[in-house]
Each structure stands twice: as C-alpha cells, then as structure tokens.
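This is what each chain is made of:
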2 protein chains.
Amino acid sequence: MNDMPSDKTLPQDIIYARIWSAIAERKLRPGTRLKEEQLAELFSVSRARVRQALAALERDGLVTIFRNRGAFVAEPSIEEARDVFFARRMIEARLVERLSAAPSQQAIDRLRQHLNAEKAAHLAQDRKAIIHLSGEFHLLIAELAGSRYLWQVLRDLISRTSLITAVYQSHSDTSCGPDEHAQIVEAIARGDAARANHLMDHHLEHIETALDLTDENERSTDLKDILT
Amino acid sequence: MNDMPSDKTLPQDIIYARIWSAIAERKLRPGTRLKEEQLAELFSVSRARVRQALAALERDGLVTIFRNRGAFVAEPSIEEARDVFFARRMIEARLVERLSAAPSQQAIDRLRQHLNAEKAAHLAQDRKAIIHLSGEFHLLIAELAGSRYLWQVLRDLISRTSLITAVYQSHSDTSCGPDEHAQIVEAIARGDAARANHLMDHHLEHIETALDLTDENERSTDLKDILT
DNA sequence: CACAACAAAATTGTAGACAAAATTGGTGAC
DNA sequence: GTCACCAATTTTGTCTACAATTTTGTTGTG
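Quick caveat: nothing in here was measured; it's all calculated off a predicted structure.

S.K.: Residues and numbers for the pattern of salt bridges, please.
M.R.: Close approach of charged atoms allows side chains of opposite charge to pair. Throughout the structure, instances matching the rule amount to 22 salt bridges over all chains. A salt bridge links Arg94 of chain B to Glu97 of chain B, with the nearest nitrogen and oxygen atoms 3.1 Å apart. One end of the pair, Arg94 of chain B, and the other, Glu97 of chain B, are both in helix α4 (residues 78-101), three residues apart, so they sit about a helical turn from each other. When its relative accessible area of 27% is taken as the criterion, Glu97 of chain B is described as partly exposed. Within this structure, Arg82, Arg89, Asp201, Glu205 and Glu208 of chain A form a network of salt bridges that share partners.

Structure, rendered in structure tokens:
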C-alpha cells in the first residue's frame, strides 16, 4: 500500500487512476468485464502492468477478480454498501472527536483552506472536482487526527463509497454541499468534540440516505434471479 | 483480498503463511532482507509466486518493499505500534458494543465454544495455538458483529499486532490469559453493551501496556542514528 | 592518504512465450 | 426437436529470459 506522500506516478498507478476515474464517473458500469489484453493494448503497456493495477483495484474493492475468469467492475451489494457506511460512521465520528480534543491552529487553517477550495468548485460547478475534494476533506480529517493507519482505511472506504454512489445514486442531485463540512470544521475549531462527532455522524447518514438503497434497486448480476 | 471463507490453499498463500508464521514466531527478525530468488529456491517455486506473496505481505504491513532494492521484514515504529492499538481500541470497542445490543444465542454459543478452545490451548501450553486463537477471538467478534468490512480491517490489524508483539515483547511473559476474553463474552451474553465496550477497551490497553513501547527500546534501522 | 568517479556484480522489474482453464459453438444421439 | 457431450477458441495464469537499477569494489587523482 502506498504511503501518504505518493508523488511518483508509477506506470501501473496511472492505469489504476484511469480505471478508478472511469468507474467513479460511471463510464465503466458495474459488471463490465475488464480484459487484460484489451487494457494492455489500450494503455500501450504489457499485461503484467495491467495485472498489478487490477490486483490493486481489487483490494480497494473497485473490481472483482474471479479465478481463471477475469476481472469485472465490482457490483457492491446493498449489504456491502450499508457496511461501508457503518464503518465510515464509526471511524470518522471518532476521528473528529479526537481531532476536536486538541485542534492545532495549523490544522484548523488547513481545514478552512480546504473549505474554500470546495466552495470554489461548487461555484464553478466542477462536478469532478467536487467529488474529489469531498473525499479529500474526509481524508484530511484522518490525517490531522494523526492516525496514519486509519487514514489508509479511510482512503479505501472512500474509494468504495465512490463506487457505491455511482451505482445507487438517486435521481435527486446529491449535491452534498459544503455547508455540512463547514459546520464540522467550526465544531472542531471550537473544540466541541461531542458536536463534531454528532455532525459527522449525521453528515454520513445524510449521504447514505440520499442513495437508493432499497431492495428493489438491487440489480442482481445472476441471470437466474432476474429471469424468474 | 481473500473473502471470509478461504479454504483453497493457493501455492502463493502457502508461502505467505510460512513467512507470516516465521515472522510471528520471531524466526525472521525485523529488518531481515528477503531476497526473491532465495525464497523461490527455498520453496521450490518460481520468483513470480514469491513476488505475489511478498506483495500480499506488504499490504498487510508485515514486510516493506523498497523499489528496486528488495523486500525486508517490516520494522514497525513505536508510533505505528501505538497507532495500530488506537485503531483496534476504536474499532473493537464499538464492535462488541454492537454485538452486545442484540446477541443471538448462536453467537454466544460460538464465543463460548471458542473460549473452551483457548482454555485447552493454555492448559497444553501450546504457545503457537494460544497466539492463533487469541487473534481468532477478536476476529470472531467482528464476524458476529456483522461487519464484513471491519472483519477484514481487523484481520489486517491483528497481523500487524503479531509483528509488533514480536518486536516489542517485554520479558515478562505476556500470557494474556483467557480470563479477559471470558469476561467480555459474559458481558455480551448479558447484553451489557457499556461494560463489554469498557472491558474490550481495557483488554487492548493491557496488551499494549504489556509491551516495551518506550523510546529507548526503539531500534533504529538507520545506521546514522545508531552510531552518533 | 582520502575522496571521487567509474566499472562490475548482484538483484529487482519487465516483457514475451507457453501452459492451463473456462466458455462457446457445433455435432450426434435419443 | 432437445439434450448431452465433445472440440475449438478465447482468456487467464505461470514460467523463463532480458533490461534497468542499485550496490559494491576498484582505480586514479588531488
């Protein structure tokens, strides 16, 4: 797993990033088959690189690899989606709590700086930047809370959340404005741990309830289930 | 990443398990270089398999791979060790809390069954089994708490804990008897979420404080630091 | 005598070729 | 006409050889 500061863009990381973006932007739909040779040709690299990228995507939950059958864009079940949000609420609520307990001025500055970037993206209606920055906000909290390990876990969870959002996004535009982020930052700045905890929990609940996690929305990949 | 039921022992998984055991049993000390060809010869497999096993070990935090320089048994810093325990206390305390809220009879039976196995191992003084079962107990709680994702995170954390224990184990035999586990199970069975939470938190705290996580115990791998 | 630059050895990273497995299409029997 | 079985194709998994990089040892110069 990559460390926090990962600037060197290895060739397989580029492939990873490209596929990641394609999935997050719903260009690659869940269930799509990802043939190794096809990707190798597309990116002008050998299959070995593609295999590494696919393996990395698998451990981040974005693709599923079936033995001897190939890689497919993952199709998170409703159960898995709820599980991801359960984990996020548990972890992030405690992280803001910890951060609120002793917030350094530097931390608050970085958070406020980030909020400005988010506001700018919203004004520009840059959907791609909005999604990216929204994830970054949550990662920033993990970083400032001082847990390198949970930062990595959260990075993984946010990847999965992106896929879940792509699959179960309801028609109502889940704008998820920066207001809730701003409130959380305020609570942290005041050192109000209980309120920060509460706000983060509700923030994630809002994101979850904005999705169509109803049973009828579950698209079973098993044709037997569909055609009976 | 492997799913919960993973019975098929792939050849590279065997290599993974062998190295894992060797590290946990302190036969392979932190900092030891793991040359690919050497391992390939040792296990009578090709280097490709070894590379896969090493990559898996790296993402579980047991080895560190430096680009173009090879793989080494990881040397968790004190900071990383404390971070792992922070994450475990956060996650596991909440998991027992959740499990205590609605413990099924089946869940309680499995926990009690596990406690018996632990007692048997302690009576037989089977150190290897004790370590293994101790980890299994914590994983069992995650499984019964119903979070597949956090089960995977915890599996990773327990791997790292094994390495940390191997490195920072104090001379006093950290027996970590099954008594504390039994108390936790009792609290769960009674549905006493608050107490289960409290007991788990203290249990992990005991394990952590039983280690030599003092600064002077930090063995710096950087020769520059050592010889000045 | 010490330091720096260079060359050689060792080790990892990558690519291409081969083997194993699974799916698909076709053929034959009932 | 339908089902089962077998062969052919496609796709993945694995192995071996080559290239790139790092480390180590040597030599020459200040």
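And the narrative resumes.
S.K.: If you had to explain helix α8 (residues 178-190) of chain B to someone new, which residues and values would you point to?
M.R.: Structurally, the α-helix is built with 3.6 residues per turn, so residues lying three or four positions apart point the same way. Residues and elements named next belong to chain B. Helix length check: α8, at 13 residues, gives a terminal C-alpha distance of 18 Å against a target of 18 Å (1.5 Å per residue), a fit within 8%. Regarding α8, the residues found buried are Pro178, His181, Ala182, Ile184, Val185, Ala187 and Ile188. Gly191 lies just past α8 and shows a positive phi near 75 degrees.

S.K.: Describe the interface of chain B and chain A, with residues and values.
M.R.: Between chain B and chain A, the residue contacts involve 23 residues of the former and 23 residues of the latter. Here chain B and chain A share zero salt bridges between them. The interface formed by chain B and chain A contains nine residue pairs in polar contact (both at pLDDT 80 or more). Taken together, the elements giving at least two residues each to the side of chain B that touches chain A come down to α3 (47-59), α4 and α7 (148-168) of chain B. Among the residues making up the side of chain B that touches chain A, the classes are represented as eleven nonpolar, three polar and nine charged.

S.K.: Please provide a residue-by-residue account of the side chain of Asp83 of chain A, values included.
M.R.: Within the secondary structure layout, Asp83 of chain A lies in helix α4 (residues 78-101). In this structure Asp83 of chain A is buried but unpaired, with Arg98 of chain B as the nearest side chain of opposite charge at 5.3 Å. Discounting chain neighbours no more than four positions away, the residues touching Asp83 of chain A are Gly146, Ser147, Arg148 and Tyr149 of chain B.

S.K.: Let's hear about the packing of aromatic side chains: which residues, and what values?
M.R.: Counted by the stated rule, this structure contains two aromatic pairs over all chains. Measuring from centroid to centroid gives 5.7 Å for Phe66 of chain A and Phe72 of chain A, while their planes differ by 65 degrees, and the two rings are edge-to-face. Residue class for Phe72 of chain A comes out buried when judged on its relative accessible area of 18%. Just above the ring of Phe86 of chain A sits the side chain of Arg98 of chain B; from NZ or CZ to the centre is 3.7 Å.

Analysis parameters
- Residues numbered from 1 in each chain as written.
- Chains lettered and ligands numbered in written order.
- Predicted model: local features only at pLDDT ≥ 70, side-chain atom pairs only at ≥ 80, totals over all residues.
- Heavy atoms only, no water.
- Salt bridge = Lys/Arg side-chain N within 4 Å of Asp/Glu carboxyl O.
- Helix = DSSP H or I, 4+ residues; strand = E, 2+ residues; numbered from the N terminus.
- Buried < 20%, exposed > 50% of the residue type's maximum accessible area, 1.4 Å probe, protein only.
- Expected span 1.5 Å × (residues − 1).
- Contact = heavy atoms within 4.5 Å.
- Polar contact = N/O pair within 3.5 Å; in protein donor to acceptor, adjacent residues only side chain to side chain.
- Nonpolar A, V, L, I, M, F, W, Y, C, P; charged D, E, K, R; others polar.
- Lys, Arg positive; Asp, Glu negative; His and termini not counted.
- Phe/Tyr/Trp six-rings, centres within 6.5 Å; stacked < 30°, edge-to-face > 60°.
- Lys NZ or Arg CZ within 6 Å of the ring centre and 35° of its normal.

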